[in-house]
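# Structural overview
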Amino acid sequence: QQQVKQSPQSLIVQKGGIPIINCAYENTAFDYFPWYQQFPGKGPALLIAIRPDVSEKKEGRFTISFNKSAKQFSLHIMDSQPGDSATYFCAATSNDYKLSFGAGTTVTVRA
Amino acid sequence: GAVVSQHPSWVICKSGTSVKIECRSLDFQATTMFWYRQFPKQSLMLMATSNEGSKATYEQGVEKDKFLINHASLTLSTLTVTSAHPEDSSFYICSARRGPVAAFFGQGTRLTVV
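These figures come from a predicted structure and were not determined experimentally. Chains are numbered independently. Their residues run from 1 in the order of the written sequence. The order in which chains are written sets their letters, starting at A; the order in which ligands are written sets their numbers, starting at 1. For this predicted model, a pLDDT threshold of at least 70 governs which residues receive local features, and a threshold of 80 or more governs which side-chain atom pairs are given and counted, while totals over whole chains, interfaces and linings are taken from all residues. The side-chain numbers reported here are obtained from all heavy atoms of the structure, hydrogens and water having been left aside.

What follows concerns the overall build of chain B. Only runs of H or I of at least four residues qualify as helices and only runs of E of at least two qualify as strands under DSSP, and these elements are numbered from the N terminus. Secondary structure assignment for chain B yields zero helices and eleven strands. The order of helices and strands in chain B, counted from the N terminus, is β-β-β-β-β-β-β-β-β-β-β. Radius of gyration: C-alpha atoms only; globule rule: 2.2 Å multiplied by the number of residues to the exponent 0.38. For 114 residues, the compact-globule estimate of 2.2 N^0.38 gives 13 Å, and the C-alpha radius of gyration of chain B, at 13 Å, lies within 12% of that figure. Throughout this description, buried means an accessible area under 20% of the type-specific maximum (1.4 Å probe, protein chains only), exposed means over 50%, and partly exposed covers the range between. Here chain B holds 114 residues, and 52% of them are scored as buried. Contacts: residue pairs with any heavy atoms within 4.5 Å of one another. Contacts in chain B between residues at least 24 apart in sequence constitute 54% of all its contacts with a sequence separation of at least 6. All accessibility values rest on the Shrake-Rupley procedure with a 1.4 Å probe; residue burial counts only the protein chains present in the view. For chain B, the computed accessible surface area is about 5,500 Å², with 52% contributed by carbon and sulfur atoms. The sign given to each residue is positive for Lys and Arg and negative for Asp and Glu; His and the chain ends receive no count. Think of each charge as sitting on NZ of Lys, CZ of Arg, CG of Asp or CD of Glu. Counting 11 positive and 8 negative side-chain charges, chain B places the centres of these two groups 3 Å from one another.

This is the structure:
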C-alpha cells in the first residue's frame, strides 16, 4: 500500500512547457517532502525538498507547491528542456527517516 | 550534494552463488543507510535500514537471511545477496542520510542471476 499517491504516470510536453506532477499523502506525521529525478540505469538524485510550514519553494527551474490542509504537493518544471526527460518521484518521510515514494512519473520533453 | 558511491554498477552471477554490493558515503559520515530494490518501471521499495554498529532493520516481507546487511563503519554499508536465484535479479540502490533528513542515493547496482 503506497503511502504517497503520485499522478500522472507519464506525461509529454513540448520544450518550454511546464510539466506538473501531483502527489498526495495521508500520514500527517510526514514532515519532509523531497523530489527525486531518476535517469534510466541510475540512482535517484535529490532535486528539491520542502517542509509543511512552507507553501512554495523554488530552486532554479523547479518549484514545489505545498498545500498542508489538502495534504497535497506538486512539482512544476519551468521552461522544460529535453534534458529534463526522466522519471520523477515524490517522497515523504517523518522522524524515522524512511522515505515513502510515489509510483513515479515519466516525463518526456519533446524538442 | 553529497556523494554516495555504490559498487559494482552491474554484476552477473550464477544461481546459488552470493553477491556483495558496497555502498560508501564519500564525503560525509552516515549513521544510517538504506537499501532499496527497484523493478523495471516501478518505484523504489525499501528493503532495510542499516545503522552503523547495530543490526539492520528489515521491512516486512524481506528475508534477512537472504539479504545480509552489514554497516561496519560510518562510511560503508554492504548488502550480500546469498544463494541468489533468478528472481533476485533487480536494481539495488542504497542511500545514505546526511544531516536531519536529506537522503542521497548511490548510482545503483544491476544484478542479473543466470
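Residue and element names in this part refer to chain A. A pair of strands counts as paired when DSSP detects no fewer than two bridges linking them. Pairing within the open sheet is antiparallel, and its five strands lie in the order S1-S3-S8-S7-S6. With partners counted over all chains shown, the strands left at the sheet margins are strand S1 (4–7) and strand S6 (56–59), one partner each. Strand-to-strand twist across the sheet, computed as the mean angle between neighbouring axes with direction ignored, equals 15°. Here an angle of 0 to 180 degrees is reported between the N-to-C directions of two axes, which are lines fitted to C-alpha atoms, with helices fitted over the stretch in contact.

Between chain A and chain B, the residue contacts involve 18 residues of the former and 21 residues of the latter. Taken together, the two surfaces of chain A and chain B that pack against each other cover about 1,500 Å², and 64% of this comes from carbon and sulfur. Take a side-chain nitrogen of Lys or Arg and a carboxyl oxygen of Asp or Glu: if they are within 4 Å of each other, that pair is a salt bridge. Counting the contacts that link chain A with chain B gives one salt bridge. Taking the shortest distance from any N to any O, the salt bridge between Glu59 of chain B and Lys98 of chain A comes out at 2.8 Å. Any N or O atom pair separated by 3.5 Å or less is treated as a polar contact, with the protein-specific requirement of one donor-capable and one acceptor-capable atom, and with residues adjacent in sequence counted only for side-chain atom pairs. Along the contact surface separating chain A from chain B lie five residue pairs in polar contact (both at pLDDT 80 or more). Class assignment of the residues belonging to the side of chain A that touches chain B gives a composition of nine nonpolar, six polar and three charged. By buried area we mean how much accessible surface two parts lose on assembly, using a 1.4 Å probe and totalling the loss over both. When residues are sorted by character, Ala, Val, Leu, Ile, Met, Phe, Trp, Tyr, Cys and Pro go into the nonpolar class, Asp, Glu, Lys and Arg into the charged class, and all the rest, Gly among them, into the polar class.

Take the side chain of Gln37 of chain A next. All names here are of chain A. With respect to the helices and strands, Gln37 occurs in strand S4 (residues 33–38). Overall, Gln37 belongs to the buried group, its relative accessible area being 13%. At a separation of 2.9 Å, a polar atom in the side chain of Gln37 contacts the side chain of Tyr88. Sequence-distant contacts of Gln37, that is, excluding residues within four places in its chain, are made with Gly43, Pro44, Ala45, Leu47, Asp84, Ala86, Thr87 and Tyr88.

So, on to the pairing of strand S9 (residues 90–97) of chain B. Residue and element names in this part refer to chain B. The element S9 is extensively covered by neighbouring structure, given that eight of its eight residues are classed as buried. Both strand S4 (residues 32–38) and S9 contribute to a ladder of six bridges, which runs antiparallel. From the neighbouring strand, Gln38 faces S9, where its bridge partner is Phe91. Examined bridge by bridge, S9 and strand S11 (residues 109–113) share three bridges and lie antiparallel to one another. Each residue of the ladder has a partner; that of Ser90, found in S11, is Leu111.

The next point concerns the nonpolar core. We call a set of buried residues a nonpolar core when its members are Ala, Val, Leu, Ile, Met, Phe, Trp, Tyr or Cys and they connect through side-chain atoms within 4.5 Å of each other. Core analysis: the biggest nonpolar cluster contains 26 residues, and Val4, Trp35, Phe67, Leu79, Tyr92 and Leu111 of chain B have the highest contact counts within it. Only strand S2 (10–13), strand S3 (19–25), S4, strand S5 (44–51), strand S7 (67–73), strand S8 (76–81), S9 and S11 of chain B provide two or more residues apiece to this core. In contact with Val4 of chain B, not counting residues within four places along its chain, are Cys23, Arg24, Ser25, Phe28, Cys94, Ala96, Phe104, Phe105, Gly106 and Gln107 of chain B. Phe33, Leu47, Cys90 and Val107 of chain A belong to the second-largest nonpolar core, a separate cluster that totals 24 residues.

Residue and element names in this part refer to chain A. Under the criterion given, the structure shown has six salt bridges over all chains. As a salt-bridge pair, Asp84 and Arg61 come within 2.8 Å of each other at their nearest N and O atoms. One end of the pair, Asp84, is in the loop between strand S8 (72–77) and strand S9 (86–92); the other, Arg61, is in the loop between S6 and strand S7 (62–67), and 23 residues separate them in sequence. Overall, the relative accessible area of 5% leaves Asp84 in the buried class. Residue Arg61 is classed as partly exposed on the basis of its relative accessible area, which comes to 29%.

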